[in-house]
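# Architecture at a glance
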Amino acid sequence: MNEVQDTKKTDALFEKVSELIEQARKRVATAVNIAEVYTKYHIGQYIVEDEQQGEYRAQYGKQVLKNLSDRLAGRFGNGWSYETLAACKKIFLVYSNSVTTGYKIQDKKANRRLPNSAKADSSQNTQEENCNQRSQNPKFTLSWSHYLILMRIANPDARSFYEIECTQQQWSKRQLSRQVGSCLYERLALSRDKDEVMRLANEGQTIEKPSDIIKNPLTLEFLGLKPDVSYSESKLENAIISKMQQFLLEMGKGFLFEARQKRFTFDEQHFYVDLVFYNRLLQCYVLIDLKADKLSHQDLGQMQMYVNYFDRYVRQDFEKPTIGILLCESKNDLLVELTLPKDANVYATAYELCLPDKALLQAKVKEWIEEFEENNGKEEEDGEV
């Protein structure tokens with residue numbers, strides 16, 4: 001064996017061993033992160049149980065945590081502040097309620113009025129429920145830093161959605177924070193049929209058909225463009241290209257960037273598609289045209305022509321029909337409906353250059369879910385009759 005062959009063999013072996021070591025390190029890091037979450041969850045459980053048994057006043061309970069913090073710091077070093085212990089308590093209260101009908105918090109005032117025998121029965125029932133709770137731990141898949149963000153989400157459906165998406169897409173803490181701040185759950189919910197809203201909490205964002213990739217609105221605050229300043233479509237395009245990683249994150253699952261200003265020629269005329277993507281989950285091209293002002297019916301017709309061209313001359317037999325998205329500052333839904341045929345694979349979605357009003361979006365989603373549940377209730381009553 002000559003020296004060149006020997007070097008190549010060594011290089012190949014080095015790459016295999018290096019990959020194995022890196023995978024092992026990742027598994028160890030993941031195991032350590034998850035062990036930290038479970039540890040702090042059970043610390044929170046002990047704190048809650050201790051507070052219940054002692055029937056502490058709030059102020060006294062706070063002092064107990066401060067004392068506990070000092071003693072833990074003395075034995076284990078920094079990292080066990082009062083705020084950390086309070087967060088341990090919170091993750092237990094939040095996630096224990098998400099895996100059962102809820103951790104039984106004793107009503108101290110009501111309990112004081114019970115006879116001794118009733119108090120004993122109540123205490124025994126609570127202890128049994130707490131034992132059952134220990135055997136039904138939630139499944140943690142993320143780091144403690146991620147759960148510090150998730151715990152702040154009051155809506156359990158939204159919290160479940162973000163946890164699923166964060167696990168599947170391996171979002172960093174910063175990416176998770178951005179998606180929560182941009183109201184991804186609410187925007188996806190409002191872009192879907194009411195029947196599909198309930199799937200978000202259980203399955204995350206499922207990509208099965210073209211409408212599943214649509215968000216309304218698309219939030220582009222990361223571009224750094226001021227909402228109250230006019231700008232050209234080329235400036236908007238350049239800003240997106242310079243922030244492509246963030247734009248792909250905002251677009252969602254399965255997007256791959258292919259080209260900008262993609263040219264094709266038809267009837268001796270040149271046409272240019274602003275941005276061309278490919279979605280590997282839907283197995284189709286996704287064309288995006290940018291409109292820095294109000295959407296017109298001419299814009300819709302032009303995008304329909306782009307989509308038709310790609311379907312006839314670009315896409316291969318195994319690929320699904322091309323999707324066209326007009327990304328515009330504002331749109332008229334009635335105009336879109338009147339201009340496009342019902343089976344058109346063209347969508348218009350507005351974009352915003354600042355984070356949306358979370359309270360407003362949450363109110364809309366709540367209204368939709370209440371209507372969904374009300375309709376389901378009526379259907380069940382009709383079925384019983």
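Residues numbered from 1 in each chain as written. Predicted model: local features only at pLDDT ≥ 70, side-chain atom pairs only at ≥ 80, totals over all residues. Heavy atoms only, no water.

Looking now at the overall build of the chain. Secondary structure assignment for the chain yields 15 helices and 6 strands. Counting every position in the chain, which comprises 385 residues, the buried fraction comes to 39%. When the accessible surface of the chain is totalled, it reaches about 22800 Å², and 49% of it is carbon and sulfur. (Helix = DSSP H or I, 4+ residues; strand = E, 2+ residues; numbered from the N terminus. Buried < 20%, exposed > 50% of the residue type's maximum accessible area, 1.4 Å probe, protein only. Areas by Shrake-Rupley, 256 points an atom, 1.4 Å probe, with all protein chains shown as cover.)

Moving on, we get to the side chain of K40. Locating K40 in the fold gives a position in helix α1 (residues 3-54). Within the local environment of K40, its side chain forms a polar contact with the side chain of E36, the two groups lying 2.8 Å apart. Filtering out sequence-adjacent residues up to four positions away, K40 remains in contact with W80, T84, C88, I91 and W144. (Polar contact = N/O pair within 3.5 Å; in protein donor to acceptor, adjacent residues only side chain to side chain. Contact = heavy atoms within 4.5 Å.)

Counting 35 residues, the largest nonpolar core has I91, Y95, Y147, L150, Y162, L176 and Y185 as its most contacted members. Elements that contribute at least two residues to this core include exactly α1, α3 (82-99), α6 (144-150), α7 (156-169), α8 (173-181), α9 (184-190), α10 (194-203) and α15 (358-384). In this structure I91 touches V37, K40, Y41, S96, F140, W144, Y147 and M151, once residues within four positions along its chain are discounted. (Core = buried A, V, L, I, M, F, W, Y, C linked by side-chain atoms within 4.5 Å.)

Quick look at the confidence of the model for the chain now. Mean pLDDT for the chain: 84, with 84% of residues reaching 70 or above. Of the regions scoring below 50 in pLDDT, residues 100-124 engages in 31 contacts with residues more than four places distant in sequence or in other chains. Confidence drops under a pLDDT of 50 for residues 130-135, and excluding neighbours within four residues, the segment shows 11 contacts in the predicted structure. (pLDDT = per-residue confidence, 0-100.)

Let's shift gears to the layout of surface pockets. Any empty space left between atoms is shown by rolling a water-sized probe over those atoms. Each pocket or cavity is described by its volume, and for the largest pocket that value is around 650 Å³. Considering the residues around the largest pocket, the lining is formed by 23 residues, among which D333, V336, V346, Y347 and A348 are closest to the centre. Contributions of two or more residues to the lining of the largest pocket are made by α14 (333-339) and β6 (346-352). Broken down by element, the lining of the largest pocket gets its largest block of residues, 4 residues, from β6. (1 Å grid on protein atoms, 1.4 Å probe; cavity = no way out; pocket = protein on both sides within 12 Å on 5 of 7 lines; lining within 4 Å. Points joined across faces, edges and corners; volume = space filled by probe spheres on them.)

What follows covers the sheet that holds strand β4 (residues 284-294). Ordered by their spatial adjacency, 6 strands build an open sheet running β1-β6-β5-β4-β3-β2, and the pairing between neighbours is mixed. Edge positions in the open sheet fall to β1 (218-219) and β2 (255-266), since each of these has one partner strand only. Here strand β5 (residues 323-330) pairs with β6 via 5 bridges, running parallel. Paired with C328 across the strands is A350, a residue of β6. (Pairing = 2+ DSSP bridges.)

Before going further, it helps to spend a moment on helix α12 (residues 244-251). Taken together, the buried positions of α12 are occupied by M244, F247, L249, E250 and M251. G252, located one to two residues past α12, shows a positive phi value of around 115°.

This part covers empty space enclosed by the protein. Enumeration according to the criterion identifies 3 cavities of 30 Å³ or more in this entry. Within this model, the largest cavity holds a volume of roughly 70 Å³. Here the second largest cavity is characterised by a volume of approximately 60 Å³. Contributing to the lining of the second largest cavity are I213, I214, K215, L218, M251, I325, L327 and T349.

So, about α10. For α10, the set of buried residues is E196, V197, L200 and A201. Taken down its axis, α10 places every buried residue within 160° of arc, on the same side. Opposite the packed face of α10, turned more than 90 degrees from it, sit the exposed residues D195 and N202. Count one or two residues on from α10 and you reach G204, which has phi positive near 75°. (Arc of directions from axis to C-beta.)

What follows is about the packing of α7 against α10. At a minimum axis distance of 6 Å, the contact between α7 and α10 shows a crossing angle of 55°. With respect to their mutual orientation, α7 and α10 come out oblique. In contact with D157, S160, F161, I164 and Q168 of α7, α10 contributes L200, A201, N202 and E203. Classifying every residue of the contact of α7 with α10 gives 4 nonpolar, 3 polar and 2 charged. (Axes fitted to C-alpha atoms, helices over the stretch in contact; angles between N-to-C directions. Parallel < 35°, antiparallel > 145°, perpendicular 65-115°, else oblique. Nonpolar A, V, L, I, M, F, W, Y, C, P; charged D, E, K, R; others polar.)

Our focus in this paragraph is the environment of S69. Mapped onto the secondary structure, S69 falls in helix α2 (residues 58-76). The spatial distance from the C-alpha of S69 to the C-alpha of T84 is 8.7 Å, given a sequence separation of 15 residues. Not counting residues up to four positions away in its chain, the partners in contact with S69 are W80, S81, Y82 and L85.

The subject of this paragraph is the packing of aromatic side chains. Summed over all chains, the structure comprises 19 aromatic pairs. Measuring from ring centre to ring centre gives 5.6 Å for F161 and Y185, while their planes differ by 50°; the resulting arrangement is tilted. Taken together, the positions of F161 in helix α7 and Y185 in helix α9 put the pair 24 residues apart, joining distant regions of the chain. Here F161 falls in the buried class, since its relative accessible area comes to 0%. On the basis of relative accessibility, which here comes to 1%, the residue Y185 falls in the buried class. On the basis of an interplanar angle of 90° and a centroid distance of 5.6 Å, the ring pair of F264 and Y306 is categorised as edge-to-face. Here F264 is found in strand β2, whereas its partner Y306 is found in helix α13 (residues 297-313), with 42 residues between them in sequence. In this structure F264 comes out as buried when scored by relative accessible area, which is 5%. Grouping aromatic residues by their ring pairs yields a cluster made of F264, F271, Y278, Y285, Y306, Y309, F310 and Y313. The ring centre of W80 lies 5.7 Å from the NZ or CZ of K40, which sits over that ring. Over the ring of Y95 we find R159, and its NZ or CZ is 5.9 Å from the ring centre. (Phe/Tyr/Trp six-rings, centres within 6.5 Å; stacked < 30°, edge-to-face > 60°. Lys NZ or Arg CZ within 6 Å of the ring centre and 35° of its normal.)

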